[in-house]
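Examination of the molecular architecture
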Amino acid sequence: MNRAAHSLSLLFILLSASSVFGGHDYGQALTKSILFFEAQRSGYLPTTQRVKWRGHSGLSDGKASGVDLVGGYYDAGDNVKFGLPMAFTITMMSWSIVEYGKQLAQSGELSHAMDAVKWGTDYLIKAHPEPNVLFGEVGDGNTDHYCWQRPEDMTTDRRAYKIDPSNPGSDLAGETAAAMAAASLVFRHSNPSYSTELLSHARQLFEFADKYRGKYDSSITVAQKYYRSVSGYQDELLWAAAWMFHATNDEYYFDYLGENGDAMGGTGWSMTEFGWDVKYAGVQVLVAKFLMQGKGGRHSPVFQRYQQKAESFMCSLLGKGNRNVQKTPGGLIFKQRWNNLQFVTSSSFLATAYSDFLASAGDDLSCPTGDVSSAQLLSFAQSQVDYILGDNPRATSYMVGYGNNYPQQVHHRGSSIVSIKVDPTFVSCRGGYATWYSKKSSDPNLLTGATVGGPDAYDNFADERDNYEQTEPATYNNAPLLGILARLNSGSNGYNQILPVTPATPVAKSPPVPQPKRTPTPASSAPIAISQKVTFSWVHQGKTYYRYSTILTNKSSKTVKDLKLSISKLYGPLWGLTKSGDSYSFPEWIKSLPSGKSMEFVYIHTTSPATISVATYTVA
């Protein structure tokens, strides 16, 4: 077939596929994606366990090291507990809940998602028995990969590996601190004592990571072949600081982000990937959120540079940047052949969240080839999820158990061997390979919700158990999907994601927005022009809330100093000014307003604009 004919054939397949798919059941996909985590559980399974073909496993983990390391998650199709990807999985599940908890609740899956987080954090607490000690792996990939056994049967070495001041691992400790901090937000209201416990561990782990610096795979060398930290640890230190600031509002972490952003690469790297190793894009999106919330303060110039890189990442995903991500002919983000879908789900989560941040702020995305609306960015994330769920040239769902055509021979020990509940006969190390691994039949146990590695650069996929690059699933493939699927399942309405108030429940029709007028100013305020506008509104518990942006512009030829504003009829929180007595002054990071320059502050309340006037000022 010639190239033109091939292209026409591919186009016909894509058009035919698009005509028959017609939408996905995101709620069903969400339910299944969370169920996968129960199949990955290690330790004593609870009575509430829904994946019935699994049994207890790893019940002596940590015993030889004098510590209880029972529990946690197997990372993929093997029986090793790798600390770095496990912690990243928990961070991303938690971020999904932090951003889309209400949508998860509407889907009926919030409690299951929180259970999935807690199964991981309970283990991380055990793995951190002392402030400067963290166990980062149980078992090792070499001996584990020599065997093909159910977790319930495994006879492989279950040695535990740790980091400490003599053998540091800032990336591992930093990611674990991020996981603990993010999870503390998840449990803040429902289980405050547990949230406090998580935050205590997170503080200790951040200090440990920052004080004793080094790459974890130089200390836990058995991890190098499987989860080498190529990016180093500076991205994890910034990532951890961002989550610590999110969870605590502590100025120490705020300053850490502001003072180290440039030196540690947070403001320098224009990324085209995000995942368990490289966290920069995640940091940049999170800091951009803080900036949009009005939390930039004296570090606003640095935070703006983080945001510029976050937007560069979004533009690269859309193919509208200076350096764009590669895509398959079917439109899927492509980074590498081995488990490519991990990058697709993580990047799509960032795009989903950032689209809602933009919508909340009333902004568009500015790319080198033109502006992009928040709706377009969300639509791109949806296209990636739809591809995974079956809208692709092969019409294959890469989520096991979703749709009619999904992988049957998953590279996964537990699913490929008959359940111990059905046949308790011991499966030996090499016997598993001989009897089960080499079988060309479908898995005896359905690994519901597992997102496998996915297709190659040309949308090709071979459903074969020994094709581990494409048919092996992983927890960190699924974790970002929790938030995306909850968001997509909730419909096309916008959400207030950036303001520090309870996210709104969308309504079909909002009351009319009060139209702000240019605020009149007395004669003494002639140098300062004041303008206000509504940038966002939402309804919560029957009340309509408005976010007002107020711009102060120095119209004089001189620098204004010692400005004092009088603000009346203000009935909500305000960011970007310092209150002193009955008046408001410049925030501490601004000492004066030069000629022709402007500054912004924002406030929220449920009525017409506040009355703002200049009380006093001096010029220099």
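Residues numbered from 1 in each chain as written. Predicted model: local features only at pLDDT ≥ 70, side-chain atom pairs only at ≥ 80, totals over all residues. Heavy atoms only, no water.

The next thing to look at is the overall build of the protein. When helices and strands are counted, the protein shows 19 helices and 16 strands. Going through the 620 residues of the protein one by one, you find that 59% of them count as buried. Only carbon and sulfur atoms are counted for the fraction: they give 50% of the accessible area of the protein, which is about 23,900 Å². (Helix = DSSP H or I, 4+ residues; strand = E, 2+ residues; numbered from the N terminus. Buried < 20%, exposed > 50% of the residue type's maximum accessible area, 1.4 Å probe, protein only. Areas by Shrake-Rupley, 256 points an atom, 1.4 Å probe, with all protein chains shown as cover.)

It is worth spelling out the packing of aromatic side chains at this point. In total, this model carries 30 aromatic pairs according to the counting rule given. Both rings, one in Tyr354 and one in Phe357, keep their centres 6.3 Å apart while their planes meet at 70°; by these two values the pair is edge-to-face. Of this pair, Tyr354 and Phe357 both sit in helix α14 (residues 341–361), three residues apart, roughly one helical turn. By relative accessible area, Tyr354 is classed as buried at 0%. Residue classification places Phe357 among the buried positions, given a relative accessible area of 0%. Through pairs of rings, three or more aromatic residues link up here, namely Phe88, Trp95, Tyr100, Trp239, Trp243, Phe274 and Phe349. The residue whose ring lies beneath Arg41 is Trp119, and the NZ or CZ to ring-centre distance is 4.5 Å. The positively charged end of Lys335 is found above the aromatic ring belonging to Phe343, 5.5 Å away from the centroid. (Phe/Tyr/Trp six-rings, centres within 6.5 Å; stacked < 30°, edge-to-face > 60°. Lys NZ or Arg CZ within 6 Å of the ring centre and 35° of its normal.)

Turning next to the state of the cysteines. Considering all chains together, one arrives at two disulfides under this definition. With its sulfur 1.9 Å from that of its partner, Cys147 forms a disulfide with Cys429. Looking down the S-S bond of the Cys147 and Cys429 bridge, the torsion is -85°, so its handedness is left-handed. With Cys147 in the loop between α5 (141–146) and β3 (160–163) and Cys429 in the loop between α16 (413–416) and α17 (431–437), this pair connects stretches of sequence that are 282 residues apart. Of the two residues examined, Cys147 and Cys429, each falls in the buried class. Two residues share a disulfide in this structure: Cys315 and Cys367, whose sulfurs sit 2.1 Å from each other. (Disulfide = S-S within 2.5 Å.)

We now examine the pattern of salt bridges. Overall, the coordinates contain 23 salt bridges when judged by the stated rule. Note that Glu273 is salt-bridged to Lys335, the shortest N-O span being 3.4 Å. Of the two residues, Glu273 is situated in the loop between α11 (251–260) and α12 (280–292) and Lys335 in the loop between β5 (333–334) and α14; the sequence distance between them amounts to 62 residues. Relative accessible area serves as the criterion here: at 18%, Glu273 is assigned to the buried category. Residue classification places Lys335 among the partly exposed residues on the basis of a relative accessible area of 36%. (Salt bridge = Lys/Arg side-chain N within 4 Å of Asp/Glu carboxyl O.)

Owing to its 3.6 residues per turn, the α-helix aligns residues three or four sequence positions apart on the same side. Counting buried residues in α11 gives seven out of 10 residues, a clear majority hidden from the surface. Elements that come into contact with the buried residues of α11 comprise α7 (192–211), α10 (234–248), α12 and α13 (300–318). With a side-chain oxygen lying 2.8 Å from the backbone nitrogen of Tyr252, the N-terminal cap of α11 falls on Asp250. (Contact = heavy atoms within 4.5 Å. Polar contact = N/O pair within 3.5 Å; in protein donor to acceptor, adjacent residues only side chain to side chain.)

Next up on the list: unusual backbone geometry. Although it is not a glycine, Ala395 sits at a positive phi angle of roughly 50°. Here Ala395 shows up in the loop between α15 (374–389) and α16. With a phi close to 70°, Asp459 is a non-glycine residue in the positive phi region. When you line up the elements, Asp459 lands in the loop between α17 and α18 (468–471). Look at Asp459 and you get buried, because its relative accessible area is 3%.

The next thing to look at is the environment of Tyr476. Mapped onto the fold, Tyr476 is located in helix α19 (residues 475–489). Each C-alpha atom of the pair Tyr476 and Ala87 lies 9.3 Å from the other, and the pair is 389 residues apart in sequence. Once residues lying within four places of it in the same chain are set aside, the contact partners of Tyr476 are Asp75, Pro85, Phe88, Thr89, Tyr227, Trp276, Asn339, Gln342, Thr345 and Ser346.

Let us now look at the packing of helix α6 (residues 170–186) against α10. At a minimum axis separation of 8 Å, α6 and α10 run at an interaxial angle of 20°. Here α6 is positioned roughly parallel relative to α10, judged by the angle of their axes. For the pair α6 and α10, the crossing hand works out as left-handed. Residues Ser170, Asp171, Gly174, Glu175, Ala177, Ala178, Ala181, Ala182, Ser184 and Leu185 of α6 form the contact with α10, whose own contacting residues are Glu236, Leu237, Trp239, Ala240, Trp243, Met244, His246 and Ala247. (Axes fitted to C-alpha atoms, helices over the stretch in contact; angles between N-to-C directions. Parallel < 35°, antiparallel > 145°, perpendicular 65-115°, else oblique. Left-handed = near helix turned anticlockwise from the far one by under 90°.)

UniProt's entry tags His411, Asp463 and Glu472 with the feature "active site" (unreviewed entry), counted in the numbering of this structure. Taken along the chain, the residues just named run across 62 residues; in space they keep tight, none of their C-alpha pairs more than 10.2 Å apart. With respect to the secondary-structure elements, His411 resides in the loop between α15 and α16. In contact with His411, other than residues within four places in its own chain, are Gly77, Trp148, Tyr437, Arg465, Asp466, Tyr468, Thr471, Glu472 and Pro473. A polar atom in the side chain of His411 sits 2.7 Å from the backbone oxygen of Arg465. You can see Asp463 is positioned in the loop between α17 and α18. Residue Asp463 is classed as partly exposed on the basis of its relative accessible area of 26%. In contact with Asp463, not counting residues within four places along its chain, are Tyr406, Pro407, Gln408, Gln409 and Thr471. A polar contact of 2.7 Å, which involves the side chain of Asp463, links it to the backbone nitrogen of Gln408. (UniProt positions renumbered as here; feature names shortened; annotations may be inferred.)

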